[in-house]
Amino acid sequence: KVSLESFDIAQENEVETVKVFPNPGTHKMTIALPSSVAYSSYDIYDLNGALVKKGAIEKNQKYVAVTIDQLQSGLYLMTVKNENGDSETRKIMKE
């Protein structure tokens, strides 16, 4: 028997991480941000560690559209920073 309460807790935990979609992407990606933390910026690095794009995130913004047209096809690392200085990194692919 599955408790509905435990299911609700699992769903809440799923939305408490940074998500990037569509991944892979071609023209634009969206960063979905958890509501429990205030985020301040994002950086995209190529696999050599070079910064290739960065942007600001407005306070209380929950979705950020990122244009990736100028990036060459390949793998990148996107780091999303919160106001406390902590960060989360996601692998993204540009098609």
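As a reminder, the structure under discussion sits directly above these lines.
Every chain's residues receive numbers from 1 upward, in the order its sequence appears when written. Local features in a predicted model are, by the rule used here, given only for residues with pLDDT of at least 70; side-chain atom pairs are given and counted only at 80 or more, and totals for whole chains, interfaces and linings are based on all residues. As a rule here, side-chain values come from all non-hydrogen atoms in the structure, and water together with hydrogens is ignored.

### A word on the sheet that holds strand β6 (residues 74-82)
Selection criterion: Two strands pair if DSSP finds at least two bridges between them. Comment: elements are numbered from the N terminus, with helices defined as DSSP H or I runs of at least four residues and strands as E runs of at least two. For every element, the axis is a line fit to its C-alpha atoms; helices are fit only across the contacting stretch, and the angle between N-to-C directions ranges from 0 to 180 degrees.
A sheet is described by the order of its strands in space; here four strands give the open sequence β4-β3-β6-β7, paired in antiparallel fashion. What marks the edges here is a single partner per strand, and that holds for β4 (51-56) and β7 (87-94). Within the sheet, the average angular offset between the axes of one strand and its neighbour, ignoring direction, is 20°. Pairing between β6 and β7: eight bridges, direction antiparallel. Bridging across to β7, M78 finds its partner in R90.

### Digging into the pattern of salt bridges
Quick note on the threshold: When a carboxyl oxygen of Asp or Glu lies within 4 Å of a side-chain nitrogen of Lys or Arg, that pair is called a salt bridge. Buried residues are those whose accessible area, probed at 1.4 Å on protein chains only, stays under 20% of the maximum for their type, while exposed residues exceed 50% and partly exposed ones sit between those limits.
By the definition in use, this model includes two salt bridges. Here D43 makes a salt bridge to K81, at a shortest N to O gap of 2.8 Å. With D43 in strand β3 (residues 39-46) and K81 in strand β6, this residue pair connects regions lying 38 residues apart in the sequence. Take D43: its relative accessible area is 7%, and that puts it in the buried class. Taking the relative accessible area as the measure of exposure, K81 reaches 31% and is therefore partly exposed.

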